[in-house]
Amino acid sequence: MAAPGALLVMGVSGSGKSTVGALLASELGWKFYDADDYHPEENRMKMGKGIPLNDQDRIPWLCNLHDILLSASSPPFVNRDVASGQHVVLACSALKKAYRDILTRGKDGAPQKRDEPGEEGELAEVKLLVVYLTGSFEVISGRLRKRKGHFMPPELLQSQFDTLEPPSAPENFIQISVDKDLSEIIAAVMKTVK
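Keep in mind that this is a model prediction, so the values were computed, not measured.

Definitions and limits used
Residues numbered from 1 in each chain as written. Predicted model: local features only at pLDDT ≥ 70, side-chain atom pairs only at ≥ 80, totals over all residues. Heavy atoms only, no water. Pairing = 2+ DSSP bridges. Helix = DSSP H or I, 4+ residues; strand = E, 2+ residues; numbered from the N terminus. Axes fitted to C-alpha atoms, helices over the stretch in contact; angles between N-to-C directions. Salt bridge = Lys/Arg side-chain N within 4 Å of Asp/Glu carboxyl O. Buried < 20%, exposed > 50% of the residue type's maximum accessible area, 1.4 Å probe, protein only. Parallel < 35°, antiparallel > 145°, perpendicular 65-115°, else oblique. Left-handed = near helix turned anticlockwise from the far one by under 90°. Contact = heavy atoms within 4.5 Å. Nonpolar A, V, L, I, M, F, W, Y, C, P; charged D, E, K, R; others polar.

**Re the sheet that holds strand β1 (residues 6–10)**
In a beta sheet, neighbouring strands are held together by backbone hydrogen bonds and run either parallel or antiparallel to one another.
No. 1: Ordered in space as β2-β3-β1-β6-β7, the five strands form an open sheet in which the pairing is parallel. Of all strands in the sheet, those with a lone pairing partner are β2 (31–34) and β7 (173–177), marking the two edges. Between one strand axis and the next, the sheet turns through 20 degrees on average, direction left out of account.
No. 2: Alignment of β1 against strand β3 (residues 88–91), held across four bridges, turns out to be parallel.

**Digging into the pattern of salt bridges**
No. 1: Under the definition given, this model contains five salt bridges.
No. 2: One salt bridge connects Lys46 with Asp57, and the closest N-O pair in it is separated by 2.6 Å. Pair noted here: Lys46 is in helix α2 (residues 41–48) and Asp57 is in helix α3 (residues 55–73), with a separation of eleven residues, a long-range link.
No. 3: What makes Asp57 buried here is its relative accessible area of 17%.
No. 4: A salt bridge links Arg105 to Asp101; the nearest nitrogen and oxygen atoms lie 3.4 Å apart. Taken together, the positions of Arg105 and Asp101, both in helix α4 (residues 97–105) and four residues apart, correspond to about one turn of that helix.
No. 5: Classification of Arg105 as partly exposed rests on a relative accessible area of 26%.

**Re the packing of helix α1 (residues 17–28) against helix α7 (residues 182–193)**
No. 1: Where α1 meets α7, the axes come as close as 10 Å, and the angle between the chain directions of the two elements is 50 degrees. Between α1 and α7, the angle falls in the class oblique. Crossing of α1 over α7 shows right-handed handedness. Along the contact surface, α1 presents Thr19, Val20, Leu23, Leu24, Glu27 and Leu28, while α7 presents Leu182, Ile185, Ile186, Val189, Met190 and Val193.
No. 2: Taken together, the residues that form the contact of α1 with α7 break down as ten nonpolar, one polar and one charged.

Okay, structure coming up:
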């Protein structure tokens, strides 16, 4: 398969998104973004109090992440033949299909047109491969109980499993169990990307 413009490493909190994403970015020589770094302070405070985020909390955050992905993974408009674009890896829960659609196509999941000088209003869509890290509630909650210093408390894990809509066709995705060794997870993704 041709390399996507971006990898989305997704799953519930504690599935290993940040660790896997950072390792993949390093291995591939791609730029790494952790979606947690882009949560507004209000979202962090809400989760810190044990209150799950809702769509109204997540959608502006996801739109911001789409803009970051689009600007990072799109070639410059000038001298397009020379530039290849920067590939990126994003670690983000992206629990619902609608959230992944926003990451790919922007707000409302509708492709937006880019209007740059000399361009014909090209569709602003990110070519994304979803890496879905999956595991049982028991395994992931055990990981969360050991994690220190994160704003997402283990008590919110059930709400994430309740919200989760695993990727399915026609989404471009691979599913990998968190029961595998980290090296096996990285190798499986690398085999798919290269």
